[in-house]
Amino acid sequence: MLASSLQAIGRTAIRGVGAVGQGGHLAVGAVRALRKVDIWGPLFVPQLAAVGVASVPIALFIAAFTGIVLAIQASYTFTGTVPLYFVGALVGKTIILELGPVLTGLALAGRVGANIAAELGTMRVTEQIDALESLAYDPVAYLVVPRVGAGLVMFPVVVGMSMAVGIAAGWITSLFLLDLSTPQFVRGLRLFFEPYDVQFALIKAASFGITVTGVGAFFGYTCSGGAAGVGRSTTRAVVGASMLILVLDAFWAAALL
Amino acid sequence: MSIRLDRVVKTFGDLTVLDGFSLDVAEEGITTIIGPSGSGKSTTLKLVIGLIQPDEGEVWVDEVRVDELEGDDLYDLRRKVGFVFQFAALFDSMTIGQNVAMGLHRAGELSAGEIEERVRESLALVDLDGVQEKYPSELSGGMRKRAGVARAVALRPRYLLYDEPTTGLDPITVTMIDRLILRMRDELGVTSLVITHDLDSAYRISDHLAMLHKGRIRWEGPPDDIQAVDDPVVRGFITGEPELWEDAS
Ligand SMILES: Nc1ncnc2c1ncn2[C@@H]1O[C@H](COP(=O)(O)OP(=O)(O)OP(=O)(O)O)[C@@H](O)[C@H]1O
Ligand SMILES: [Mg+2]
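Since this is a predicted model, take the numbers as computed values, not measurements. (Residues numbered from 1 in each chain as written. Chains lettered and ligands numbered in written order. Predicted model: local features only at pLDDT ≥ 70, side-chain atom pairs only at ≥ 80, totals over all residues. Heavy atoms only, no water.)

(A) Structural view of the packing of aromatic side chains. Applying the stated criterion to the full structure yields nine aromatic pairs over all chains. Centroid distance phenylalanine 86 of chain A to phenylalanine 192 of chain A: 6.1 Å. Interplanar angle 55 degrees. Geometry classified as tilted. A residue pair is termed long-range when its members are at least 10 positions apart, and phenylalanine 86 of chain A in helix 4 (residues 86–125) and phenylalanine 192 of chain A in the loop between helix 7 (182–191) and helix 8 (195–221) qualify at 106 residues. For phenylalanine 86 of chain A, a relative accessible area of 21% corresponds to the partly exposed category. A centroid spacing of 5.0 Å and a plane angle of 70 degrees characterise the contact between phenylalanine 218 of chain A and phenylalanine 219 of chain A, whose relative ring orientation is edge-to-face. The burial state of phenylalanine 218 of chain A is the same as that of phenylalanine 219 of chain A; both residues are buried. Within the aromatic cluster, the residues linked to one another by ring pairs are Phe78, Tyr85, Phe86 and Phe192 of chain A. The ring of tyrosine 221 of chain A carries arginine 124 of chain A above its face, with NZ or CZ at 4.8 Å from the centroid. A cation over an aromatic ring shows up here: arginine 151 of chain B above the ring of phenylalanine 91 of chain B, its NZ or CZ 4.7 Å from the ring centre. (Phe/Tyr/Trp six-rings, centres within 6.5 Å; stacked < 30°, edge-to-face > 60°. Helix = DSSP H or I, 4+ residues; strand = E, 2+ residues; numbered from the N terminus. Buried < 20%, exposed > 50% of the residue type's maximum accessible area, 1.4 Å probe, protein only. Lys NZ or Arg CZ within 6 Å of the ring centre and 35° of its normal.)

(B) Structural detail: the interface of chain B and chain A. Contacts between chain B and chain A engage 21 residues on the former and 19 residues on the latter. For the pair chain B and chain A, the two sides together bury roughly 1,800 Å², of which 56% comes from carbon and sulfur. Linking chain B with chain A are five salt bridges, by the criterion used here. Viewed at the interface, chain A and chain B are joined by nine residue pairs in polar contact (both at pLDDT 80 or more). Breaking the side of chain B that touches chain A down by element, the ones donating at least two residues are helix 2 (71–78), strand 6 (81–84) and helix 3 (96–107) of chain B. When its residues are assigned to classes, the side of chain B that touches chain A shows twelve nonpolar, two polar and seven charged. (Contact = heavy atoms within 4.5 Å. Buried area = accessible area lost by both parts, 1.4 Å probe. Salt bridge = Lys/Arg side-chain N within 4 Å of Asp/Glu carboxyl O. Polar contact = N/O pair within 3.5 Å; in protein donor to acceptor, adjacent residues only side chain to side chain. Nonpolar A, V, L, I, M, F, W, Y, C, P; charged D, E, K, R; others polar.)

Here's what the structure looks like:
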């Protein structure tokens, strides 16, 4: 019993170390492939659309409802003790510092990370990646670089839009559901506002973009074992990317705030 | 020169697939490998273009040792070698025309117009005119297979590796693919390494025939000689007699 669970832990650990090694290998390959602009260049813009533009609806949907809920909960919490215009401060601060980047990141781990893992995983198990190699394409330059590059560029854009929409939703909620005027909400919003917060959020978003696309690409690229293998890779990509996002979130908070 | 594998050992985990495998592929000829399912035929072809690395032994293409190549040198080598995958391995997000053009774009030697012309020509060779705009999922298995052949020959490579190019095709198409393989040799001087389960086809096209068994070449020679071989393993295989085969192996 104990021996077998120790064995299981050992196997998982070995697999984990192996994955880190493979991941490092892929990362080095991706950096090397950066100079093959002729391969990844033409694919970059389509990936900007696939990774970024297509993610906007879900991201904004989440942001809008987060803004609404934050405003209502803030007013509920503050009733009688704190001036109500603090609603603006709480909505602005939480959305910019935390919820905008993290909720968007988690949602896109599901949307973008899973998509990349499934697509590349299918290409791996049907030998399409081998076929790329046989036609003298570096598959890392062709498949991984444009996706991770698009994540790096587009996550900050999408998160920026999410933050704007989230705050706007909080403001509209304050106007119509809470007894708050626009000047009051804006007063609260500006109370603790630091331009640096936005910079901080966008740096986080960029790191989440690399993480989500990179983890998805990794599990897809190293996929094996047919349809079941593709399913496994997709799940691992979503779980792995979500966990890394939360770890990175804590890291940035400790490092930059 | 040409393709040469020398005492290659290849294992996957606990499974030893190739175990001291040596083969010389004659220049401008057609060498065919036959052998039972799972004996390592596809593995052999993948070793030749460095898709996988051997555990031991040497793999040569021309003056280059493939198993020691890395990075861009490997991609340069692959420009000389066309590969027909066993299950076609077409890019399913692209049309058939785009599939066939992929290698040509990469090689960068032809203009857009010439590429278009070459794509049409290559598809005509495998009797697939008019499917350029279709996606792989819209084709039958046999058509996909032929499109895979077209993609490999489009590059006019010096070497062509065919992994079961005729398996699952109707007799007419089989003959057509056989003729295509012969034509590549006769008109373009291509050196071919073919894997097949179709013994009739193997006898028809091969200049040199080799049988893979238990990780190494059990017998090799001109195709006409194989009928006279006494080795029960070879006899059992080519006559398709499980009893003879099992006793011997
Ligand atoms: N990437 C891999 N990982 C693990 N095992 C593998 C891998 N590739 C091949 N094998 C195993 O190696 C053996 C030989 O495989 P290979 O595909 O070369 O056989 P084959 O001779 O082409 O068979 P077939 O005629 O059925 O195509 C098989 O047992 C297969 O399961
Ligand atoms: Mg095979």
